[in-house]
Structure formats: structure tokens, C-alpha cells
Amino acid sequence: MDWSQAQLADQSNLSESTIRNFEKGRAAPSVNNLAAVVRALEAAGCIFIAENGEGPGVRLRKVSGGERHAISEQIETLEAEIADMPAGGEPSPEGGMNTMRKAVAENDLAHLKVRRRKSEHK
């Protein structure tokens, strides 16, 4: 998926340190944490292949033209929302929240653009 530890943690609702510990072999994942990671990866398009005589594996789901179109529509919607968001302005709780909302939307937009770009090469 080309995700950082922070992105996987965010998508699976786990802490970044939990992901880091899994990757470094410091801690075996609990059943619930492993299921959260699997759900996040499956939602992003990973297909987990069971043992079939050749060994287990993972592959990316093919993206249809309709799905690419849906991603493009989501990108357009987010771009419009970001353009309409108020600037952070004066230091205040509301200004901080506006800045955070815009940063989250820009992050989501970047992820969608990567998904669309990857889908165009399949």
C-alpha cells in the first residue's frame, strides 16, 4: 500500500507504537489488533490469499473504471470543501480546529490522489 507506520496506525485505529512493535517483532499482535490491521488493509484494496499449496499471499484488488471515477469524484468534492474552509486566522480554539480540519482534508485528498494514480497503472 506504500503506507507509513503512521498511516497504517491511523487507518487501523491503533497507535503508531503498536504498529512499530509488530514490525520490529517486539510484541506479537493481539487477535483484535491483527484483525484491525487486516480490516484496514482490506478496505484499502488488499486481498489476503489463503494457503493453496503454493503458500499464503497478498495481492492488490483490481480497480474498475467505475471505482476510478468514484475516486475522482471524491477528489473533486474534497478539493471544493478545502477551498471553502476558513483559514486558521487568529490564535483561538476555533482557529486551531479549522487548521486541523483543513490538514485532515488535505491528507485525505493526498491519499485519494495516490489511490487514483495507482489505479491508472493497473
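Check the entry above for the structure.
Residues numbered from 1 in each chain as written. Predicted model: local features only at pLDDT ≥ 70, side-chain atom pairs only at ≥ 80, totals over all residues. Heavy atoms only, no water.

Student: Sorry, what's going on with the overall build of the protein here?
Tutor: Assigned secondary structure in the protein consists of 5 helices and 2 strands. Reading the protein from its N end, one meets helices and strands in the order α-α-α-β-β-α-α. Scaling as 2.2 N^0.38, a compact globule of 122 residues should have a C-alpha radius of gyration of about 14 Å, whereas the protein reaches 18 Å, well beyond that. Viewed in the frame of its principal axes, the protein has a C-alpha envelope of about 60 × 40 × 20 Å. Taking all 122 residues of the protein together, 20% fall into the buried category. Taking the contacts inside the protein whose residues are at least 6 apart along the sequence as the reference set, 42% of them involve residues at least 24 apart. Element-wise, carbon and sulfur atoms account for 52% of the exposed surface of the protein, whose accessible area totals about 8400 Å². Taken as two groups, the 16 positive and 18 negative side-chain charges of the protein have centres that lie 6 Å from each other. (Helix = DSSP H or I, 4+ residues; strand = E, 2+ residues; numbered from the N terminus. Rg over C-alpha atoms; globule rule 2.2 N^0.38 Å. Buried < 20%, exposed > 50% of the residue type's maximum accessible area, 1.4 Å probe, protein only. Contact = heavy atoms within 4.5 Å. Areas by Shrake-Rupley, 256 points an atom, 1.4 Å probe, with all protein chains shown as cover. Lys, Arg positive; Asp, Glu negative; His and termini not counted. Charge placed at Lys NZ, Arg CZ, Asp CG, Glu CD.)

Student: Could you clarify how one ought to interpret the nonpolar core in this entry?
Tutor: The nonpolar side chains of a soluble globular protein tend to be buried, and buried together. Core analysis: the largest hydrophobic core is formed by 8 residues, namely Leu8, Ala9, Leu14, Ile19, Ala36, Val37, Leu41 and Cys46. At the level of elements, helix H1 (5–12) and helix H3 (31–43) are the ones that each hand at least two residues to this core. Excluding anything up to four places from it in sequence, Ile19 contacts Gln5, Leu8, Ala9, Ser12, Leu14 and Val37. Grouped together as the second largest cluster of nonpolar side chains are 7 residues, Leu78, Ala105, Leu109 and Leu112 included. (Core = buried A, V, L, I, M, F, W, Y, C linked by side-chain atoms within 4.5 Å.)

Student: How should the pattern of salt bridges be read in this particular structure?
Tutor: Side chains that carry opposite charge are capable of pairing whenever their charged atoms lie near each other. All told, the structure shown has 2 salt bridges when counted by the stated rule. A salt bridge links Arg20 to Glu16; the nearest nitrogen and oxygen atoms lie 3.7 Å apart. Placement of both Arg20 and Glu16 in helix H2 (residues 16–24) is noted, with a separation of 4 residues, approximately one turn of the helix. (Salt bridge = Lys/Arg side-chain N within 4 Å of Asp/Glu carboxyl O.)

Student: Please clarify how the environment of Trp3 should be interpreted in this entry.
Tutor: With respect to the element layout, Trp3 can be found in the segment before H1. With 114 residues separating them along the chain, Trp3 and Arg117 place their C-alpha atoms 15 Å apart. Apart from residues lying up to four places away in sequence, Trp3 is in contact with Leu8, Gln11, Ala40, Leu41 and Ala44.

Read these as geometric descriptors, not functional statements.
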